[in-house]
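In case you want the letters, here they are:
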Amino acid sequence: MQTQHIKIHDISAQEADLRHAAQILKNGGLVVFPTETVYGLGGNATDAGAAKKIYAAKGRPSDNPLIIHIANPADAEQYAVTNETYFRLAKAFMPGPLTVILPRRECIPTETTGGLDTVAVRCPSHPVAKRLIELAGIPIAAPSANLSGKPSPTSAAHVAQDMDGRVDMILDGGSCEIGLESTIVKIDGDRLTLLRPGGITYDALCMVCEHVTIADAVTHKLADGERPLSPGMKYRHYAPTAPLVLLDGTPEHVIRFLRAEQELGNCAILCYDEELPYLREHHLFPVGERADLQMQAHLLFSALRHADATDAEIIYAHLPPQEGLGLALYNRMLRAAAHTVKHVE
Ligand code: AMP
Ligand code: MG
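Described below are features of the structure shown in this document. (Residues numbered from 1 in each chain as written. Chains lettered and ligands numbered in written order. Predicted model: local features only at pLDDT ≥ 70, side-chain atom pairs only at ≥ 80, totals over all residues. Heavy atoms only, no water.)

Thoughts on the sheet that holds strand E5 (residues 98-103)
Pairing is mixed across the open sheet formed by 11 strands, whose spatial order is E1-E8-E2-E3-E7-E4-E6-E5-E9-E10-E11. Each end of this open sheet is capped by a strand with a single partner; those strands are strand E1 (4-7) and strand E11 (211-214). The pairing of E1 with strand E8 (residues 169-172) spans four bridges and is parallel. Among the inter-strand pairings, Ile6 is bridged to a residue of E8, identified as Leu171. Across the sheet, helix H1 (residues 15-26) touches E1, strand E2 (31-33), strand E3 (40-44), strand E7 (140-141) and E8, and the angle it forms with E8 is around 145°. (Pairing = 2+ DSSP bridges. Helix = DSSP H or I, 4+ residues; strand = E, 2+ residues; numbered from the N terminus. Contact = heavy atoms within 4.5 Å. Axes fitted to C-alpha atoms, helices over the stretch in contact; angles between N-to-C directions.)

Put into structure tokens, the structure is as follows:
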């Protein structure tokens, strides 16, 4: 398949390009588009055939459900059974990086939901995503636009590495601001279960809901044979080819360890900006300052792709804190590292 690449500089001036993309979606085709979290691989969420094409393009197991993207929070009612908690969350966080799981309505086929009776709904804030969904006039199922098992793409160049020739169109909207996938919560009455941490933090959710539980699998490995609350939890995600090892220890101990590793072997390092003066430049990928979790989120997946493209035999990175946006970094990095943490002292 020949993939069309279109750069979007100006949404209103390029309405014709977005209409063209919307038409592809209405015809059952696949369009990759930018969102504020990561790039999404979009198809018509009400069309079982389009859902199948998405799974095929990603090489994704078909029991791992897709998130459906809507233009306005109120549209959720057409595709899911909403409740008061949903509208409270919507008022506080939508449009934005929050996905909610609700009971599914019949118009969303089980092909889209990986066979589940629930559906994941999100209303993105990125202006290209919003306009595209509006013009298509249908909900858009859109998982991250990477091959299954690769880091989610945060730039059109990274999308092209994985998806060129597998989709009809790639809309290039520059780099994604947040850089990590949306926060996912399951709504049960007035209770929330946090299934995947992201740009909307646990603390922010607690401002709106009294009962928020963090699913065990966010911070811990699933036990053999354990049934996850969310199918995606059981798959190894974001996996670089070289093993990733997360380092836990004081800043001084970690730096001394990394300097020694650079002397001895061929490693790549995701480091904090303030560590740059102490390390050799070879295979070194800064991800922002230690205290700047937003920058680290923004740069993480791109840094992992760059580190993975080197000939390094091992990749080192810091074990993130679990507070605030740190929890989302912690969750993604632990999974990318297959839970390998080294304590250095
Ligand atoms: P991605 O589309 O790559 O951001 O991944 C979406 C993730 O959302 C999947 O891996 C699932 O774990 C989760 N998800 C989507 N729909 C549901 C659902 N109905 N119930 C639970 N988790 C879901
Ligand atoms: Mg994904």
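As for the site of ligand 1
Taken together, 16 residues lie around ligand 1, and Asn64, Thr118, Arg196, Ser230 and Gly232 are the ones closest in. The contact in question runs from an oxygen atom of ligand 1 to an N or O atom on the side chain of Asn64, over 2.8 Å. Here an oxygen atom of ligand 1 and a side-chain polar atom of Arg196 are 3.0 Å apart. Contact with the protein chains removes 95% of the 500 Å² of surface that ligand 1 exposes when unbound. Looking at the shell around ligand 1 element by element, the count peaks at three residues for strand E6 (residues 118-122). (Near = heavy atom within 4 Å. Polar contact = N/O pair within 3.5 Å; in protein donor to acceptor, adjacent residues only side chain to side chain. Areas by Shrake-Rupley, 256 points an atom, 1.4 Å probe, with all protein chains shown as cover.)

Some words on the pattern of salt bridges
Counted according to the given criterion, the structure contains 14 salt bridges. A salt bridge links Glu84 to Arg88; the shortest N-O distance between them is 3.2 Å. You can see Glu84 and its partner Arg88 sitting in helix H4 (residues 84-93), four residues apart, about one turn around the helix. (Salt bridge = Lys/Arg side-chain N within 4 Å of Asp/Glu carboxyl O.)

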